[in-house]
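# Fold and contact review
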Protein chains: 2
Amino acid sequence: MKLTSQKTDFSKWYLETVKKADLMSYAPVRGCMTFKPASYALWEKIKELLDQRFKATGHENAYFPMLIPESLLKKETNHIEGFNPELPWVTEAAGKKLEERLAIRPTSETIIGHMYSQWIKSYRDLPLLLNQWCNVIRWEKRTLPFIRTTEFLWQEGHTAHATKAEAEAETLAMLEIYQQIIEQKLAIPCWPGRKTPLEKFAGACDTYSIELMLKDGKALQAATSHFMGTNFAKAFEIKFLDQNNNLEYAYTTSWGTTTRLIGALIMAHGDDKGLIIPPEIAPTQVIIVPVGPAKSAPHVHEAAEKLKQELTAAKILVKTDLSLESAGWKFNEWELRGIPLRIEIGPRDLEKQQLVLARRDTGEKQTIPSENSHLIIKKILSEIQTNLFSLALERQEKACHVEVECLADLKKETDFFGWVLGGWCGDNTCEEKIKAETSFTARNIPTNPPCKKEYCFACGSKSKATVWYARAY
Amino acid sequence: MKLTSQKTDFSKWYLETVKKADLMSYAPVRGCMTFKPASYALWEKIKELLDQRFKATGHENAYFPMLIPESLLKKETNHIEGFNPELPWVTEAAGKKLEERLAIRPTSETIIGHMYSQWIKSYRDLPLLLNQWCNVIRWEKRTLPFIRTTEFLWQEGHTAHATKAEAEAETLAMLEIYQQIIEQKLAIPCWPGRKTPLEKFAGACDTYSIELMLKDGKALQAATSHFMGTNFAKAFEIKFLDQNNNLEYAYTTSWGTTTRLIGALIMAHGDDKGLIIPPEIAPTQVIIVPVGPAKSAPHVHEAAEKLKQELTAAKILVKTDLSLESAGWKFNEWELRGIPLRIEIGPRDLEKQQLVLARRDTGEKQTIPSENSHLIIKKILSEIQTNLFSLALERQEKACHVEVECLADLKKETDFFGWVLGGWCGDNTCEEKIKAETSFTARNIPTNPPCKKEYCFACGSKSKATVWYARAY
């Protein structure tokens, strides 16, 4: 059964694709889902790549408790106000009512702030650079597989520094790591930038985000990095003796990305046949399928297994599909699952010492000699990676509208596709007006905007910042 | 400040060691703790080693939701009875009382059983071999860092099979993987065996365990593997059409190990100076410390860094300690943290082109030529690994008493150290009597007992099984 086409109904296409490509199952708790092996393997790849970068930049992993006493959560006023509507509470345990309610972490600034205040005593204890990989829960009203689920998996980095400058540099350095992984490995172009005050993290001084454009023209916040100033240090008494023996508050940061990157990957590259996974992040880069009249003959299966071993030795992630299904069925199935490259191998190919390759991104087929095939295959995988990024960039460029000058113009277009770049006077009411009248929200103030906007998109007065506005997930 | 000696007070030694070696901090929720980088790095190593074995034997990772509706938990009667006293309940979320209480998983048989019943339709879907790495919560009465904490990290494998024989083979195969990792990497000798009915997992047909002996002579259950028969399949309707088109119940298994392995490592090898980490599991195998009158001279620090690079190139996990503390302070600190091998490097050593090595396990020092030092160092690390296992085995053999014939004899010895091997008539009341009168519990019925016991340890009648009895964590 074919997928609904993206043009007909993008949401329906997405929901069908995540089910049919065997990525997830709905769970019996509202908004919760099971990450099946095909999606969890993507998360493991993302984890591995990020974890390497975090460690290479001096961070260590730790694990903090999931249950947070209510009193601790309340210490930073803005923070609790921001998260309170989404918190699940443990009120009973082991048959008894608890004396104090315990929240399941929606994020860990408070429990980590509490621990940091005990660990940090002197400038010698700084910087403290920790990260944790864990699950969190936010009781969201509207959920969507991978993109917004009640429980999700993520990493959250939490650092403490002696100076403001160092903490600010950390905030931006981590944003850059996200950008590198998302652009180089997930092949999705990024818009890094700063959030407006209305959109920033509850308790932060500054929030930076990476915004992505998906194939339906909507925006997705893919990662955030927060500079907390001394807000959490003051709430949790994170103080240190500096080199002159003065007691000072530390500057803290936090930064995170989540399993929503899996959703981003699907909606940034997928097509009417299903997923397209960029080779750099694909748990399986190549699928070998026997074809032709004698496709089940032992010598064809042997050749497929031998080829698999050769490619594995060349560090290509490869599987064979020797099941009894028809070749056509297998082609569809592996296309649906987004494997970047298919190799067809049949009796005639063996005779001619050749292989037939089919690219998932372009659908192109080509025949190559079997000898040293890994060299050509690696080259093609690299081309697929580059091509996916280019295609996404091209789509983004077409849909990033810098020519729409004001809210009135935007409202004229009923079926507007993409984002608009608009000026902002600095007044929250202008941002709120845009949201109320178009459902476009301020995504971020891009670090490198395509151009600068002189007048506020909403009120037309002098602009203080240039902002991406878009419908967002 | 010195640690309390193990002889004086083993528990006190343990609690001091986990704090001073910077492994953990207590958290503000009863029985919860923070895994600091030094202990989390051990868990990452254990995870990596186990994960490789699980994948190499055909298992895939997935992630199931943490919150389990009460109705689902109640489906397997023995299971809910076993876990009910330890469950924490979420009763409110997003400002509202929930219609149904949600338990935080103590283990995931129920939610996974629910999902498997949807996924498994035909014999072609079997075996289904999944594992997940996650956190779980059990509201335990008495807690101890790493060994028994309210929240802990673990992996839980859950498999479904078409035949009983296949599921039983899986149960034992996974137990063997635990044994391999614990013996070969953690250097702790294992006693694999089957649990008595009183000690088996709530809902299982058979539970197998790996029991370890710690330096205080007490037992620790380090890993378990459960054969569920069709108990969970019947409770959750996990049925499949077999090759003859008959609808049959699947046979399921589950198996897990936890962060308590970190506690096992500490209590199996540690001494009065602190931790001793076996090289195969050590995140840092070698610490390089500059020594001598000119230990802070640039050329000494350069030599230390150069040596670090050489050893890193040879895949030895090495760090330098170039801080301003005294060499003596550093020696104590790295001994406390259990780094298997220390290299001292000073101006005189540089002149003589030599290095001084100090083993953590024996305290022995030796001088070796600097050229190609990685070869000797690798050999010594391997010797340390072997020696730690031998020492643990020797201790175990001394403390595994096969000569104590009956409960009366055991009760005579007020300060009994170690385990006893005793017969068991098969009657639960005999097992309960031993527990009540000595606090020794049935650890397991070892797969390969040192000898067979003909008469029941408690009642003296004909024995049906030979059992390890011990005080346990």
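Before reading further, recall that the structure is shown in the block above.
On a predicted model such as this, the values are computed, not experimentally measured, just so you know.

Each value, and the rule that gives it
- Numbering of residues starts from 1 in every chain and runs along the sequence as written.
- Chain A is the first chain written and ligand 1 is the first ligand written, with later ones labelled in order.
- For a predicted model such as this one, the threshold for reporting local features is a pLDDT of at least 70, and the threshold for listing and counting side-chain atom pairs is 80 or more; totals across whole chains, interfaces and linings nevertheless cover every residue.
- Heavy atoms throughout the structure, all of them, feed into the side-chain values; hydrogens and water do not.
- Secondary structure is summarised from DSSP: a helix means a run of H or I of at least four residues, a strand means a run of E of at least two, and numbering begins at the N terminus for each.
- For the radius of gyration, the atom set is restricted to C-alpha positions; the globular benchmark scales as 2.2 Å times the number of residues to the power 0.38.
- Per-residue accessibility, obtained with a 1.4 Å probe over protein chains only, is compared with the maximum for each type, and a residue is labelled buried under 20%, exposed over 50%, and partly exposed between these values.
- What makes two residues a contact is simply this: any of their non-hydrogen atoms within 4.5 Å.
- Per-residue and other accessible areas follow the Shrake-Rupley method at a 1.4 Å probe size, with only the shown protein chains counted as cover for residues.
- Only four residue types enter the charge count: Lys and Arg as positive, Asp and Glu as negative, with His and the chain ends excluded.
- A single reference atom marks each charge: NZ on Lys, CZ on Arg, CG on Asp, CD on Glu.
- Note on geometry: axes are C-alpha line fits, over the in-contact stretch for helices, and angles between N-to-C directions span 0 to 180 degrees.
- In these notes the angle categories are as follows: under 35 degrees is roughly parallel, over 145 is roughly antiparallel, 65 to 115 is roughly perpendicular, and the rest is oblique.
- Crossings are assigned a handedness: left-handed for a near helix turned anticlockwise from the far helix by less than a right angle, right-handed for a clockwise turn.
- Pairing between two strands requires that DSSP report at least two bridges joining them.
- Note: buried area is the sum, over both parts, of the accessible area (probe 1.4 Å) each one loses when the two are combined.
- Criterion for a salt bridge: a side-chain nitrogen of Lys or Arg within 4 Å of a carboxyl oxygen of Asp or Glu.
- Exposure above 30% relative accessible area and no salt bridge define the residues that can form patches, which grow by joining like charges within 9 Å and nonpolar side chains of Val, Leu, Ile, Met, Phe, Trp and Tyr within 5 Å.
- Nonpolar cores are built from buried Ala, Val, Leu, Ile, Met, Phe, Trp, Tyr and Cys residues. Side-chain atoms within 4.5 Å join them into one set.
- Identification of polar contacts relies on pairs of N or O atoms within 3.5 Å, with a donor-acceptor requirement for protein atoms, meaning one able to donate a hydrogen and the other able to accept it, and with residues adjacent in sequence counted only if both atoms are side-chain atoms.
- Stacked, edge-to-face and tilted are the three classes for Phe, Tyr and Trp ring pairs, Trp counted by its six-membered ring, which pair at centre distances within 6.5 Å; planes under 30 degrees apart are stacked, over 60 edge-to-face, the rest tilted.
- Working rule: Lys NZ or Arg CZ, within 6 Å of ring centre, within 35 degrees of ring normal, means a charge sits over the ring.
- The fit set for superposing copies consists of C-alpha atoms from residues with pLDDT of at least 70 in both; the fit itself is least squares.
- A 1.4 Å probe that fits into a set of points on a 1 Å grid over the protein atoms alone but cannot get out defines a cavity; an open set with protein on both sides within 12 Å along at least five of seven lines defines a pocket, and lining residues are those with an atom within 4 Å of a point.
- Grid points are joined across faces, edges and corners, and a volume is the space filled by probe spheres set on the points.
- Under the scheme applied, nonpolar residues are Ala, Val, Leu, Ile, Met, Phe, Trp, Tyr, Cys and Pro; charged residues are Asp, Glu, Lys and Arg; polar residues are all the others, including Gly.

### Considerations on the overall build of chain A
For chain A, the count of helices and strands is 14 helices and 23 strands. What you see for chain A is a C-alpha radius of gyration of 25 Å, in line with the 23 Å of a compact globule of 473 residues. Counting all 473 residues of chain A, 59% fall into the buried class. A separation threshold of at least 6 residues defines the contact pool for chain A, and within that pool the share at least 24 residues apart is 69%. Accessible area for chain A stands at about 19,700 Å²; split by element, carbon and sulfur atoms hold 50% of it. Where the 61 positive side-chain charges of chain A centre and where its 60 negative ones centre are 3 Å apart.

### Here we look at the packing of helix H1 (residues 10-20) of chain B against helix H8 (residues 260-269) of chain B
Residue and element names in this part refer to chain B. Packing of H1 against H8 leaves a shortest axis separation of 11 Å and a crossing angle of 120 degrees. It follows from the interaxial angle that H1 and H8 lie oblique. As for how H1 packs across H8, the hand of that crossing is right-handed. For the pair H1 and H8, contact is made by Phe10, Trp13, Tyr14, Thr17 and Val18 and by Gly263, Ile266 and Met267, respectively.

### Considering the sheet that holds strand S10 (residues 206-213) of chain A
All names here are of chain A. Spatial strand order, S3-S7-S8-S14-S11-S10-S9-S22-S23-S21-S20: eleven strands in an open sheet with mixed pairing. Each edge of the open sheet carries a strand with a single partner, namely strand S3 (60-61) and strand S20 (400-401). Bridge count for S3 against strand S7 (residues 128-137) is two bridges, and the pairing is parallel. From the neighbouring strand, Asn61 faces S7, where its bridge partner is Asn131. Together, S7, strand S8 (151-161), strand S9 (191-194), S10, strand S11 (219-229) and strand S14 (251-258) form the strand contacts of helix H6 (residues 164-184), whose direction differs from that of S11 by roughly 165 degrees. Against the sheet, helix H8 (residues 260-269) engages S10, S11 and S14, with an angle of about 145 degrees to S11.

### Structural notes on the interface of chain B and chain A
Taken residue by residue, the interface counts 50 residues in chain B and 50 residues in chain A. Of the roughly 4,100 Å² buried between chain B and chain A, counting both surfaces, carbon and sulfur atoms make up 64%. On inspection of chain B and its partner chain A, the count reaches four salt bridges. Residues B:Glu92 and A:Arg101 are paired through a salt bridge, measuring 2.6 Å at the closest nitrogen-oxygen approach.

### A word on the pairing of S7(A)
All names here are of chain A. By the criterion of burial, S7 is predominantly enclosed, with ten of the ten residues buried. Residues of S7 alternate between two faces, with Leu128, Leu130, Gln132, Cys134 and Val136 on one and Leu129, Asn131, Trp133, Asn135 and Ile137 on the opposite face, all of them buried. Across ten bridges, S7 lies against S8 in antiparallel orientation. The residue of S8 that forms the bridge with Trp133 is Gln155.

### Here's the deal with a positive patch on the surface
Together, A:Lys315, A:Lys378, B:Lys315 and B:Lys378 give the surface a local cluster of positive charge. Assessed through its relative accessible area of 72%, B:Lys315 is described here as exposed.

### A closer look at the nonpolar core
Counting residues in hydrophobic clusters, the biggest one holds 136 residues, and the most contacted among them are A:Leu67, A:Ile104, A:Phe146, B:Leu67, B:Ile104 and B:Phe146. Those residues in contact with A:Leu67 that lie beyond four places of it in its chain are A:Val90, A:Leu102, A:Ala103, A:Ile104, B:Val29, B:Ile104, B:Ile137 and B:Trp139.

### A few points about the pattern of salt bridges
It is possible for side chains of opposite charge to pair when their charged atoms get near one another. Applying the stated rule across the entire model yields 56 salt bridges over all chains. Here B:Lys74 and B:Glu70 are joined by a salt bridge, their closest N and O atoms 3.5 Å apart. With a relative accessible area of 16%, B:Glu70 lands in the buried category. A salt bridge links B:Glu140 to B:Arg148, with the nearest nitrogen and oxygen atoms 3.7 Å apart. The class of B:Glu140 is buried, set by a relative accessible area of 17%. Shared partners join several salt bridges into a network, and the residues in it are A:Lys273, A:Glu335, A:Arg342, A:Glu344 and A:Lys365.

### Examining the sheet that holds strand S16 (residues 318-320) of chain A
Residues and elements named next belong to chain A. Sheet architecture is open: five strands sit in the order S16-S15-S17-S18-S19, paired in mixed fashion. For this open sheet the edge positions go to S16 and strand S19 (365-369), each flanked by a neighbour on one side alone. Strand-to-strand twist in this sheet, taken as the mean axis angle between neighbours without regard to direction, amounts to 25 degrees. Set on the sheet, helix H12 (residues 373-399) makes contact with strand S15 (286-290), strand S17 (341-345), strand S18 (354-359) and S19; between it and S18 the angle comes to about 10 degrees.

### Here we look at the environment of B:Tyr63
As for its position among the elements, B:Tyr63 is in the loop between strand S3 (60-61) and strand S4 (67-69). For B:Tyr63, a relative accessible area of 2% gives the class buried. There is a polar contact of 2.5 Å between the side chain of B:Tyr63 and the side chain of A:Glu151.

### Quick notes on the packing of aromatic side chains
In the structure shown here, the tally under the stated rule is 34 aromatic pairs over all chains. Between B:Trp43 and B:Trp133, the aromatic rings sit 5.8 Å apart at their centres with planes inclined by 75 degrees, giving edge-to-face as the arrangement. In this pair, B:Trp43 sits in helix H2 (residues 37-56) while B:Trp133 sits in strand S7 (residues 128-137), placing the two residues 90 residues apart along the sequence. Here the two residues B:Trp43 and B:Trp133 agree in accessibility, since each one is buried. In this structure an aromatic cluster arises from ring pairing among A:Trp43, A:Phe54, A:Trp133, A:Tyr178 and A:Trp255. We note B:Arg342 situated over the ring of B:Phe331; from NZ or CZ to the ring centre the distance is 3.7 Å.

### Focus: the pairing of strand S19 (residues 365-369) of chain B
All names here are of chain B. Bridging between strand S18 (residues 354-359) and S19 involves five bridges; their strand directions are antiparallel. The residue of S19 that forms the bridge with Ala358 is Lys365. Between S18 and the antiparallel strand that follows it, S19, lie five residues; Gly363 among them carries a positive phi value of about 80 degrees.

### Re the relation of the copies chain B and chain A
With an RMSD of 0.0 Å, the fit of chain B onto chain A corresponds to turning through 180 degrees and sliding 0.0 Å along the axis. As the rotation angle and translation indicate, the two copies are arranged about a two-fold axis. When each C-alpha of chain B is compared by its distance to the rotation axis, B:Val90 comes out closest, at 2.1 Å. Here 100% of the contact residues of chain B are again contact residues in chain A; the copies associate through an equivalent surface.

### Thoughts on empty space enclosed by the protein
What the rule picks out here adds up to seven cavities of 30 Å³ or more. Lining the largest cavity are 20 residues, with A:Trp133, A:Cys134, B:Lys47, B:Trp133 and B:Cys134 positioned closest to its centre. Elements with a contribution of two residues or more to the lining of the largest cavity: helix H2 (37-56), S7 and S8 of chain A together with H2, S7 and strand S8 (151-161) of chain B. Partitioning the lining of the largest cavity into residue classes produces 14 nonpolar, two polar and four charged.

### A few points about H8(B)
Along an α-helix, a turn takes 3.6 residues, which lines up residues three or four apart on a common side. Burial analysis of H8(B) places ten of its ten residues in the buried class, which makes it a mostly covered element. The set of residues buried in H8(B) consists of B:Arg260, B:Leu261, B:Ile262, B:Gly263, B:Ala264, B:Leu265, B:Ile266, B:Met267, B:Ala268 and B:His269.

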